[in-house]
Every structure is written in structure tokens, then in C-alpha cells.
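Residues per chain, in single letters:
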Amino acid sequence: MELLNGFKNPFRSEYKRWVFLVGLVAISHLLFQSFLLPYGNALRSLLLPGIDASSEGNYGNVVSRVRSGSKSVVVRNTLTINGSDFSTRDVILFNGGNGGGDVGISSRKIGDWVEKGVSKVIFDGNVDDDYASENGEDLNENAVLEEVIRDQDNYVNATSRIEQVAKHGREVSTGELRDVNTTSQYPALSSMANPTPNAGSSFRSTSLQSDHTVSKSNSLMVVKQGKKKMRCEMPPKTVTTIDEMNHILLRHRRSSRAMRPRRSSIRDQEIFAAKSRIENGPVITNDQDLYAPVFRNVSLFKRSYELMERILKVYVYKDGKKPIFHLPILKGLYASEGWFMKLMQGNKHFVVKDPRRAHLFYMPFSSRMLEYTLYVRNSHNRTNLRQFLKDYTETISAKYPYFNRTDGADHFLVACHDWAPYETRHHMEHCIKALCNADVTAGFKIGRDVSLPETYVRSARNPLRDLGGKPASQRHILAFYAGSMHGYLRPILLKHWKDKDADMRILGPMPPGVASKMNYIQHMKSTKYCICPKGYEVNSPRVVESIFYECVPVIISDNFVPPFFEVLDWGAFSIILAEKDIPNLKDILTSIPQERYLALQLGVQKVQRHFLWHAKPERYDLFHMTLHSIWYNRVYQIKLR
């Protein structure tokens, strides 16, 4: 027994020494971290990487340092960082935290880092290859948005010192860093970031809070030097021709893939009966209201439109707060979604207050205001925008029985921002989407979704200002284009045709000012063919502008589904070319006979009425055409048990 105790005692003393050593290391670590992480964050640095540091300190979520050469790199999570990836200069990285806490970095602190030799200050997220740079155009006359724009301008001025420091000797990638104090400094921006939902339909706490300015989806990370090209900067990997799109539409009409409702309603039966009446109605040979050549089948369209006027009822959800919901933008590049929202919500013929009477359900959000309110500028991350709409969808699904009945197949949205396909992916996948970004490679479903015309409205009070153009005999310019160099295609267009031919007036960006705008408009009014190349995305407002000014549009955008594709015959009033045909552009245009051009130009004049917004909607105008295409696609995808 004594021999056994003799063996145990040494182990006990070794155990005590081991415990003492571990305790000493832990205490040393805490003391060491207290110098690196002020304001009592040392203990948190021992916890899981997902736990945020306190927002009280200026260093917020900095967790640890990784040495690289002679200088250090401050990182959020050392497990995801390879020290060999860094240069010898400092790179400061921040993460908004999984809990959404404020980072707490002031512009003064960032300026201090720059002066001390920090080479890069990067606010970034999980870099999204699908990201396209923001348009930077904010053309809303609405007072709320104007106030926010002024606040944004004030913020940019407050942080201009960082940009000035960056120009002297050191490379600093600041982009447009948001100070987390912005929401408290500028009440308008704060109120936009924190609308209060209705009781009983509140969104998740992570949906719309001020900490979205630096949210978990916008975590900071290192951007390596050989930056990968984004999707918008490269030609598509696959191309769907206009003929193939026609085959897809016909195939979809013959065999709808829509989900059968979990339980059929009388409204489903009414829509199903409408389909039979549309297909079996009389053939129209001569109609005074409509110009038959611009339609695929004017008889089907006419019957469908009249049945829509008699039957269709729409319920507009009241859930959601301004500015993302119920706040239409009536001017600028995204005016289509705003005008539709305004006219739909104010319509007394189609809108019903009782959802049980509705055939379709409208979710009235603005994709432009969603981006403006929640997107962290230059973060290249839109996860929080998609999460917000996901929360909204789950809210109306829980509050009402209608979305779940069809998985959203009788619900629709109208969105003109380029990011709408991404933001509505998955959780709104079965809904009817009226999208300006109608790209078949980005999830646009021909026969279910609607290609929404992107209209550049210059005056909200008079959307028809400057309408019209010169007659065909007075259009002496063969082809015209002027615009910014967005995307990969427009530089190719200028490379081949700028200053190469007097008949081909292909220009770059026109100088700012009223005179320049009028010159642009006069060129479109005096040109035979207006070139409409894609920008970052497949859609371009020049398509509708061409029709507005009675110029035959030449659409150069692979995989773009033209507006109202399900009812209009674009071959009757436009030219659609493949991107690879740019070098032969003039030969193609000059080979078109004069008789053919005159027919195309007449088609543009006749179809123009279908692309106009009116303060008081008129039959067959853009509002009614959009609503009809939504109705028409629902009619052809309805299934009953």
C-alpha cells in the first residue's frame, strides 16, 4: 500500500503543476489582451468567433492579431486567415458580427490608422461575383428620399478627410465607409433603417435595424490583389437566342409547370375557365383599337385583355412600412416599379379590400428603396436585402393563408432594380415576377415571369414630356448611341464604331447639363436606328426611350427577354442582334430595305401607346399592359386538382 501511495504522490504533484501552469497562461493571456483590446473586451476574445465584441470601443469587433512580416494584421477570426496572404503593411478588417452589433468605428479613427501607415481599410462582405456596381443615379422627387440623399451627402463630406489622406503616399481602399454614428447623426436615415412593423406582423429583429449598416452579412475580409472579374464584366457562358425563347414560351404554354394549389378555390376556377374562353373565342380580323402586326396573336390578346377587365381582382398587402413598402419612385431609372405601385394601390377597379375575392396578390415593395435603405455601399454583399424579403414573405405566410396555399404562385411583385432576381430567389421563387432585369441566365422564367419595361422618366409631373420624333423621311442619321461605359459590351461597341463612320454616331458619355440632354434627345428623334446595348445587366432604358422617340430600337443583349414577350412580336418594330454581330453592325443595318425600315418605324409608332405612363391610366397603356401580362401568365399556369 505504501508503495502504491508512493506512485500516486508524484502524479498528484505533476497534476497540480499542470493546473497551475494552465492558470498562469490564462491569466497572462487576459492581461496581454487587455492591452490589445481596451474597454474590457479581453474576456470576449476567448469566446467563440461569432460572439461580438462590445460596441462601446472604437475597435469594436477586432479579435486578434496575426503577424505578417514586420507589421500586424487585425482580423475578425484568425481561423479563416492565412498570414502568408498579406503584405508587410497593415490591413485592417472588420466584421459587423453575427449578432449585428455596431462596429463603432469613427471617421477620425480610420484617418488615424491611415496616417500611421495602414495600407488598406476594407469594409467588405462575402464577395458576391454577381455583384454589379451601383448606378449611383438617384432620381426621386419624393421628399423622404431627397432628405436621405442630403444626409448621405453630408456623410460623404464628413469622411472626405479619409480620401484626402489616401492620396498622399499610401494606398488606402476606403470606398465609402459608413460611420455607425450616421443613424444617430441623421434622423432621416435612422428612421429609414428602423421602420416599425405593425403589431402581429413584426419582422424578425434582424430584418431592419440600424445595425444593417454593418451587418453580419457584410463582414470584413481581405481582398487579394488579382481581383476576380464579376459576372457583369464578362460575356455570358451560354446564349439563348430569340428563336429559342419563342420555343420555350410555346413549350411552357403547352405544359405548365405551376404547382397545383393545396386546395382549389372559386377564384382558381374562374381563372381556369378564362383560359378556355381566351383560346376558343372568335378570330379578330380588323380591330380599330389595336395594331395587329405588333402582337403575336391579336385575337388572343384582345380576349384576354377584356376578360381581365371584367374578372380580375387584386389584393394589395398592407403589411410593411415606408420607405421600402408603399413609397413609389416616380422619376428616374427605376420609375417603372414606382408608377405601377402608385397606380395599382390607387386603382378602384381591380383592387379589393377582401383578400378572399382576389385572384392575384400584390407585394408592394420597391427594390430600389430596398437597396438604398439596407445596402452597405461598396460592401459587394446583398445578403441582408434577400434576408429582409425572406422575413417579409414568412410574415405574410404566417399571418395570411393565401401564400402557402399555392406556394406564392398567385402572388406577384414588380421590381426594376438589377438585383431583384437575386433578392427574390428561393423564398419568392414560385411568384410571378415582373422584372426589368429579364435575364434567362439569372433565373427569369419565360411564360411565368414578366419582362418589365425599364422606363427613364425625366418628369414625374409630366411623364410624357418630349414624346415623339421626326417622321421617317427626316431621319438622316443611320445609327446613334451615347452613354456610359457600363459592363463589357459598350467598350466593344465604341472600339469598333466610335469616330469610324459618319453614318454611325456612336459616342461615349455625353457631358452633363441640360443642353447635353436635349442634344441626346434630338439625336434619338432624328435617327433611324437607336442602338441599345446592354450595360451591367441585360436591360437598358434605351429600348423604351427609342420607342418613346419613335426610333427603331436595335437591341444588342444576349439572353435578354424583351418586354411583354408573351404578347408582343418584337420582330415587327425592332432589330434584335447577337453581341457577336457588333463588327458587322453597319452592314446589317444598311442591308435592311427601305420598305422594311418604314414598316418597322410604323410599328414603333403603333406600339408606343403600350409603353407610356399616365397619371390616370388609359386602356392598353403601360400600367394595363404590365397587369395584363401578369394575369395572362397566371391564366396559362393555373392548375386545378
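Residues numbered from 1 in each chain as written. Predicted model: local features only at pLDDT ≥ 70, side-chain atom pairs only at ≥ 80, totals over all residues. Heavy atoms only, no water.

Looking at an unreviewed UniProt entry, the chain carries the name Exostosin GT47 domain-containing protein, with the source organism given as Gossypium raimondii. What UniProt records for the chain under Subcellular location (unreviewed entry) is the sentence "Golgi apparatus membrane". (UniProt positions renumbered as here; feature names shortened; annotations may be inferred.)

**Q** For this particular structure, what's the right way to read unusual backbone geometry?
**A** Trans peptide bonds make up most of the peptide bonds, and negative phi angles are found at most residues other than glycine. Of the consecutive residues K322 and P323, the connecting peptide bond is found in the cis state with omega at 10°. Turning to its location among the elements, P323 is positioned in the loop between β5 (314-316) and α10 (335-345). In the Ramachandran plot, H326 falls in the positive-phi region, its phi being about 60° despite a non-glycine side chain. Along the chain, H326 falls in the loop between β5 and α10. Although it is not a glycine, F564 adopts a positive phi angle of roughly 50°. With respect to the element layout, F564 can be found in the loop between β13 (552-556) and β14 (575-577). A relative accessible area of 0% places F564 in the buried class. (Helix = DSSP H or I, 4+ residues; strand = E, 2+ residues; numbered from the N terminus. Buried < 20%, exposed > 50% of the residue type's maximum accessible area, 1.4 Å probe, protein only.)

**Q** Would you mind going over the environment of G447 with me for this structure?
**A** One can find G447 in the loop between β8 (432-435) and β9 (450-451). Classification of G447 as buried rests on a relative accessible area of 2%. If we ignore the near neighbours within four places in the chain, the residues touching G447 are L249, H252, R253 and N633. (Contact = heavy atoms within 4.5 Å.)

**Q** How do you make sense of α10 when you look at a structure like this?
**A** Counting buried residues along α10, nine of its 11 residues qualify, which places the element largely inside the surrounding structure. Of the surrounding secondary structure, the elements contacted by the buried residues of α10 are β5, β6 (360-362), α11 (367-374), β7 (411-415) and α20 (622-635).

**Q** How should I be thinking about the sheet that holds β9 in this particular structure?
**A** By definition, the strands of a sheet pair up through backbone hydrogen bonds, in either a parallel or an antiparallel sense. Read from one edge to the other, the open sheet built from five strands follows the order β5-β6-β7-β8-β9, with strand pairing classed as parallel. Each of the sheet's edge strands pairs with one partner strand only, and the pair in question is β5 and β9. In terms of strand pairing, β8 meets β9 through two bridges, oriented parallel. Residue pairing for β9: L435 is matched across the bridge by S451. (Pairing = 2+ DSSP bridges.)

**Q** Mind showing me how you'd approach the sheet that holds strand β10 (residues 477-481) here?
**A** Taken in spatial order, the five strands line up as β11-β10-β12-β13-β14 in an open sheet, and their pairing is parallel. Sheet topology places β11 (504-506) and β14 at the edges, where each strand pairs with a single neighbour. Each adjacent strand pair in this sheet contributes to an overall mean axis angle of 20°, direction not counted. Pairing of β10 with strand β12 (residues 527-533), which is carried by three bridges, proceeds in the parallel orientation. (Axes fitted to C-alpha atoms, helices over the stretch in contact; angles between N-to-C directions.)

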